[in-house]
Amino acid sequence: MNRICFLTRNYRGLANAGNKAKTDNEDTLTDLGAINLGLTRSFHRNKVVTFFLDLAGVIRCCLRLKRGDVLFLQYPVKKYFAFLCRMSHLKGAKVATVIHDLGSFRRKKLTVAKEISRLSHADYIIGSNEVMRQWLTDHGLQRPTGSLGLFDYRSEAMPCTHSPYRQGHARVVYAGSLAMRKNAFILKLQEQEAQAKSYELHLYGNRDGLPGLKDSSAMVIHGFSPADAFIAHVDADFGLVWDGDALDDCTGNFGEYLRYNSPHKASFYLRAGLPIITWSHSAIAPIILREGIGMVIHSLDDMNHQLASLTPEAYQEMKGNTDRILQKLQRGGFLSDALIEMSRHLPSPLSPQQP
C-alpha cells in the first residue's frame, strides 16, 4: 500500500512562525495517517545537538523509505533537500513539497534559476498560494504544482467573545516582531496622530524595535503576548497584514514578498477570530475577498476611509465567515485540501473524493 511519509526534526522552539507552521503541518499529516520516518520531534536549543539530530533523522528516513511511498517535505529543508529527493527516487519513492519560504525572494540567498532547479528535484510542489504557484510555472518549473491558500494554525486556545463592533471606532491589531526594516510604516502612522481616525491601532510586539514609538489615543502598545494567550484574550475587530516603511504601498523586501507569500500572521489573526485587512496587491487578497473574511486596501489612508463606512451588519457577515475559516485552520483543512489535489498527480492513500 502506498504511504504518505514525512520527516520531522529538531525545531529549537516554536517562537518562529515558520517552525509553528511546519509542526502544525506535521500534526495534520499524522491525523491523516502519514508516517514520520525520522526521529521523534524535539526542541533542543543547542546548535550542535540540532545538527546531529537532524542528520540522524535524515539517515533514518532514507533507510525506512519504501518503493511507492510519497515523502512529504517542507521547503526549505536545510542542507538536505536535493539529497532526500535523490534518495527517494533511488528507492522508488516520490517527493512532494510545500513551500514555506523562497530563498530567492526576501533573503536573496539563491538566484531564481537556482531555486527553480532545486525545487525541480521534487515530483510535486505546493506553492503557498495561487500567485506563487503561477510564479513558479512562469519561471520555468516543469513539475505538477498545486497551491495551499493559507497556512493552517492549530491551537488549544479558542477566541474570547469580542466586544461589539462600533462603526467609526474599529480596533485594528498589528502583532509581530517590530523592527525598522519590516514595519517602519507604524512610525509614519504615528506622525499622523493629529488626523481623525476611524480606528485605534493596537500593537503587540517589542516596542524597542521601533525607536520613538509611543502610546497615544489612536495607538495602544500592549507589548509581546504569547500566541495562545493572544488567541484567547485579544478583544479587537481586525488584524492588519502590512509590511514596509510606506503608508500608500507595501515596500522593501518584506513588503514585496507579500505579493507572493501567504503570511503566517494572517492565519494567526484568523485563528484568533479576527477578520483581515491587507494590501490589495498581496497574494492573499483574492482569498480574503473570495471567503469574505476581511477587506483589502490600496493604502493605509484607504483603511481609514473603508472602516469609517463599514456597517455593523457588514462586519458581522465578515466575522461569521472568519469563524468558519478558523475552524478549518484548526483542523488542518487547507493542507488536507492541497493533499487531496496532490493525489490526482501522485499515488496516495488520500482519495480525491475525500471531504
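About the criteria used
- Residues numbered from 1 in each chain as written.
- Predicted model: local features only at pLDDT ≥ 70, side-chain atom pairs only at ≥ 80, totals over all residues.
- Heavy atoms only, no water.
- Helix = DSSP H or I, 4+ residues; strand = E, 2+ residues; numbered from the N terminus.
- Expected span 1.5 Å × (residues − 1).
- Buried < 20%, exposed > 50% of the residue type's maximum accessible area, 1.4 Å probe, protein only.
- Arc of directions from axis to C-beta.
- Contact = heavy atoms within 4.5 Å.
- Polar contact = N/O pair within 3.5 Å; in protein donor to acceptor, adjacent residues only side chain to side chain.
- Pairing = 2+ DSSP bridges.
- Axes fitted to C-alpha atoms, helices over the stretch in contact; angles between N-to-C directions.

Participant: Describe helix 2 (residues 47–64), with residues and values.
Facilitator: Structurally, the α-helix is built with 3.6 residues per turn, so residues lying three or four positions apart point the same way. An ideal rise of 1.5 Å per residue puts 26 Å on 18 residues; helix 2 measures up with 26 Å between its terminal C-alpha atoms. Taken as a whole, helix 2 has its buried residues at Thr50, Asp54, Gly57, Val58, Cys61 and Cys62. Summarising the axial view, the buried residues of helix 2 lie within an arc of 130 degrees, below the 170-degree limit, and thus occupy one face. Across helix 2 from its buried face, at more than 90 degrees, point the exposed residues Val48, Phe52 and Leu63. If you follow the buried residues of helix 2, they end up packed against strand 3 (70–75) and helix 3 (81–90). For helix 2, the side-chain oxygen to backbone nitrogen distance between the N-cap and Val48 is 2.8 Å, and the N-cap itself is Asn46.

Participant: For the sheet that holds strand 10 (residues 238–241), give the residues involved together with the corresponding values.
Facilitator: The parallel open sheet is built from six strands, whose spatial order is 9-8-7-10-11-12. Both outer strands of the open sheet, strand 9 (219–221) and strand 12 (294–297), are each paired with one neighbouring strand and no more. The average undirected angle you get between the axes of adjacent strands in this sheet is 25 degrees. In terms of strand pairing, strand 7 (residues 170–175) meets strand 8 (residues 199–204) through six bridges, oriented parallel. Residue pairing across strands places Ala170 opposite Tyr199, the latter belonging to strand 8.

Participant: For helix 13 (residues 312–330), give the residues involved together with the corresponding values.
Facilitator: Look at helix 13: 27 Å from first C-alpha to last across 19 residues, which is about the 27 Å you get at 1.5 Å a residue. Contacts from the buried residues of helix 13 go to strand 10, helix 10 (264–271), helix 11 (285–291), strand 12 and helix 14 (333–342). Directly after helix 13, the chain includes Gly332, whose backbone phi takes a positive value near 75 degrees.

All quantities given are derived from atomic positions and should not be read as evidence of function.
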